[in-house]
Each structure stands twice: as C-alpha cells, then as structure tokens.
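Report on the structure
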Amino acid sequence: MSKSPATRELARRERPLSPHLTIYRPPITMTMSIIHRITGGALYFGTLLVAVWLMAAATSQGAFDWVNWAFGTWLGRLILFGYTWALMHHMLGGVRHFIWDTGAGLEKHTASKIAWATLAGSVVLTLVIWVAGYMARGA
Amino acid sequence: MSGNKSNDMRTPMAKVRGLGSSHEGTQHFWRQRLTALANIPLTLFFVGFLIALNGAGYAEVRAALANPFVALVMILFLISGLYHMRLGMQVIIEDYVISEGLKLATIALSTFFTIAVGVASIFALLKLAFGG
C-alpha cells in the first residue's frame, strides 16, 4: 500500500522525540539492574573455574599444581577478584529482589538507596573476603 | 457457563490450572527464587571454605573436599547454583535472541553446558569422597 501525500508529509516533519539513551542520565536502580544481569552472566561462565579446580584436585598433583599456578598469577587473581565481586554483587542484588518481593522498598528514593547499598556492600564484602583470605594464608 | 461477559477464550480447565500461555505458569519464577534463596547460605559456605583453604596444598585440599559434610554442601551448592544460572541464562537468551530456531538452540546449548559443568564437578567431588 502506498502512503498518501499527507501521511508522507507527517512522517517527514520533525517531531519531538522522548529522551533517549544518549541524553538520559541512568538512575542507579537501572545501572544496578544491568550490572545484576552482567554479573549473572559472568558467574555463569565462572562456574568453569570451579569445575576446573575440582577436577584438578581429583586428578593429579600435576594438574592441581598447574591450576593453582594459573589462579595465582596476577591475571588469575584479577579474574578471581572479579569473580568474588560478581558473586557478592549478584547475591546482594538478589536480596534486594527478595525485599521487593515482599512489596517493601519500592518507593523511588528508597529503591535508589538500596541500589547504592548493594554496590557499597558488594565492594566491602569482596575486600573483607580477600583480606580474610590473605590473613588465613598468613602472607 | 459462568456469567462472565468478557471475551475470555480460556477453557474452564485452563482457568483451573492457571498455567497461562507458557503452559508452565509461575514455575520458572518460583524455582528461580527457591534456588536464589538456597544459594545465599551455600555461597557463603563456599566462600568461607575457600578462605580457609587459601594457600593449601594438594593433599590438604583433597582431604578437605573429601570430608563428607563439605562434599555434601558442595554438591548442593553446585546443583542449586547451576539450576539457578540455567534459568537466568534462559531469560537472557529469550530477551536478546530473536530468531526462534537460534533461541531454542542456544537454550539447549546452555542446558548442555550446565549439565556438563555439574556432572564434571560432582564426579570430581564423589571421586575425592570415595577414596581418590
């Protein structure tokens, strides 16, 4: 079906657009929602690290030493540090969803505060875990 | 059969079952939440276990994993965590993969991945638990 001249004229005319991603300041709840999904996706593939570690421990000294070495390199530690943060952030994000499930914490400013709290909490927990880990090792 | 004047095309049986057009109702949501709840204590245990084991050698790690309580909780952690992540990945795929065929294929692949990781990990744990 061909459009009438009037319809074409309407389509051509400059019309106001609603604010879009490029000029939109994302609220913290939106950012945390996106990060929740990203951390979930990262944890999905992170299970490979757990599987590799368990299989190495069940296989041989050589395999275990190799995995231990790989996890201990600076890149390995960086990945494990990121894994720890993703785990903590996703866990706290999940707790946030449980709070919302009860109907509480949905008011705009409260939701923003909880969102900031999950971010702060995940960073603190990650640091606590790594400090505790290094203290347990005594290094 | 009822006095309902709306254009509800559902059969009385469908209304009773309450499963909706997906045929599974709230099952996905409910299992996602159940595993999420279970994951909290299981994850905390796993993290604590790793902190305690940091720097431990081959023999020490094997002995720790062979402990029946540790092995049991680790297996629960794996099952709950993997089930949860498969549900989550399914939603991600459903959101971003438009083509119906590719959608089904990636969800199937994700299921295979989940099961492969789970079987490999649990087999390793059982091997350690039942004598190396």
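Just so we're clear, the structure is a prediction, and the values are computed from it rather than from any experiment. For every chain, the first residue of its written sequence is number 1, and the numbers climb from 1 along that sequence. The naming scheme follows written order: chains are lettered A onward, ligands numbered 1 onward. Given that the model is predicted, a residue must reach a pLDDT of at least 70 before its local features are reported, and side-chain atom pairs must reach 80 or more before they are shown or counted; all residues, however, enter totals for whole chains, interfaces and linings.

**Examining the overall build of chain B**
Strands here mean DSSP runs of E at least two residues long; helices mean DSSP runs of H or I at least four residues long; both are numbered from the N terminus. Per the secondary structure count, chain B includes five helices and zero strands. The reference for a compact globule is 2.2 Å times residues^0.38; the radius of gyration itself is calculated from the C-alpha atoms. Against the globule reference of 14 Å for 132 residues, chain B gives a C-alpha radius of gyration of 21 Å, more extended than a compact globule. Over its C-alpha atoms, taken along the principal directions, chain B stretches across nearly 70 × 30 × 25 Å. Counting all 132 residues of chain B, 17% fall into the buried class. We call two residues in contact when the distance between their C-beta atoms, placed using the backbone, is within 7 Å. Taking the intrachain contacts of chain B between residues at least 6 apart in sequence as the baseline, contacts between residues at least 24 apart amount to 70%. Buried, partly exposed and exposed are defined by the number of other C-beta atoms within 10 Å of a residue's own C-beta, namely 20 or more, between the two limits, and 12 or fewer respectively, with C-beta atoms placed from the backbone.

**Quick look at the overall build of chain A**
Scanning chain A from terminus to terminus reveals five helices and zero strands. Secondary structure of chain A in N-to-C order comes out as α-α-α-α-α. By the compact-globule yardstick of 14 Å for 139 residues, chain A is too spread out, its C-alpha radius of gyration being 24 Å. Taken over the C-alpha atoms alone, chain A extends approximately 80 × 40 × 25 Å along its principal axes. The proportion of buried residues among the 139 residues of chain A is 22%. Residue pairs at least 24 apart in sequence account for 73% of intrachain contacts in chain A once pairs closer than 6 positions are excluded.

**Observations regarding the packing of helix α2 (residues 27-53) of chain B against helix α4 (residues 68-96) of chain B**
All names here are of chain B. Contact geometry for α2 and α4: axes closest at 8 Å, N-to-C directions at 140°. Looking at the two axes, α2 sits oblique to α4. The way α2 lies across α4 gives a crossing that is left-handed. Here α2 contributes H28, R31, Q32, T35, A36, A38, N39, L42, F45, F46 and F49 to the contact with α4, which in turn contributes V70, V73, L76, F77, S80, G81, Y83, H84 and L87. Tallied by class, residues from the contact of α2 with α4 come to twelve nonpolar, seven polar and one charged. Lines fitted to C-alpha atoms define the axes here, with helix axes fitted over just the stretch in contact, and angles between the N-to-C directions of these axes take values from 0 to 180 degrees. Angles below 35 degrees are treated as roughly parallel, those above 145 as roughly antiparallel, those between 65 and 115 as roughly perpendicular, and all remaining angles as oblique. Each crossing gets its handedness from the near helix: less than a right angle anticlockwise from the far helix is left-handed, clockwise is right-handed. For this scheme, ten residues count as nonpolar: Ala, Val, Leu, Ile, Met, Phe, Trp, Tyr, Cys and Pro. Four count as charged, namely Asp, Glu, Lys and Arg, and the remainder, Gly too, count as polar.

**Some thoughts on the interface of chain B and chain A**
Chain B puts 25 residues into the contact, and the matching count from chain A is 25 residues. Counting residues per element, the side of chain B that touches chain A draws most heavily on helix α5 (residues 100-129) of chain B, which supplies seven residues. Residue composition of the side of chain B that touches chain A, by class: 17 nonpolar, six polar and two charged.

**Re α4(B)**
Along an α-helix, residues three or four positions apart point the same way, because every turn accommodates 3.6 residues. To estimate how far a helix should extend, the number of its residues minus one is multiplied by 1.5 Å. A rise of 1.5 Å per residue sets the reference length of α4(B), with its 29 residues, at 42 Å; its end C-alpha atoms lie 42 Å apart and thus fit the reference within 8%. As for α4(B), its buried residues are in contact with α2 (28-59) of chain A together with α2 and α5 of chain B.

**Brief notes about the confidence of the model for chain B**
For chain B, mean pLDDT is 92; residues scoring 70 or higher make up 95% of the total. At the level of chain-chain contacts, confidence expressed as ipTM amounts to 0.87, with global pTM at 0.86. What pLDDT reports is the predictor's confidence in each residue, on a scale of 0 through 100.

**Description of the environment of B:I98**
Residue and element names in this part refer to chain B. Of note, I98 is situated in the loop between α4 and α5. Owing to 8 C-beta atoms within 10 Å, I98 belongs among the exposed residues under this scheme. As a C-alpha pair, I98 and P12 span 86 residues in sequence and 33 Å in three-dimensional space.

**Considering the nonpolar core**
With 27 residues, the main nonpolar core has A:L54, A:A57, B:A124, B:L125 and B:L128 as its most contacted residues. Mapped onto this core, the elements with two or more residues apiece are α2 and α4 (74-101) of chain A together with α4 and α5 of chain B. For this core, the element with the highest residue contribution is α2(A), accounting for nine residues. Those residues in contact with A:L54 that sit more than four places away from it in its chain are B:S121, B:A124 and B:L125. Each nonpolar core comprises buried Ala, Val, Leu, Ile, Met, Phe, Trp, Tyr and Cys residues, the members being joined through C-beta atoms within 7 Å.

**Side note on the packing of α4(B) against α5(B)**
Residues and elements named next belong to chain B. In contact at an axis separation of 10 Å, α4 and α5 are set at 175° when each is read in the N-to-C sense. In terms of orientation, α4 and α5 fall into the roughly antiparallel class. In terms of residue class, the contact of α4 with α5 is made up of 15 nonpolar, seven polar and three charged.

**Describing helix α5 (residues 108-137) of chain A**
The terminal C-alpha atoms of α5(A) lie 44 Å apart, and with 30 residues this matches the ideal 44 Å at 1.5 Å per residue to within 8%. Buried residues along α5(A) sit against α2 and α4 of chain A together with α2 of chain B.

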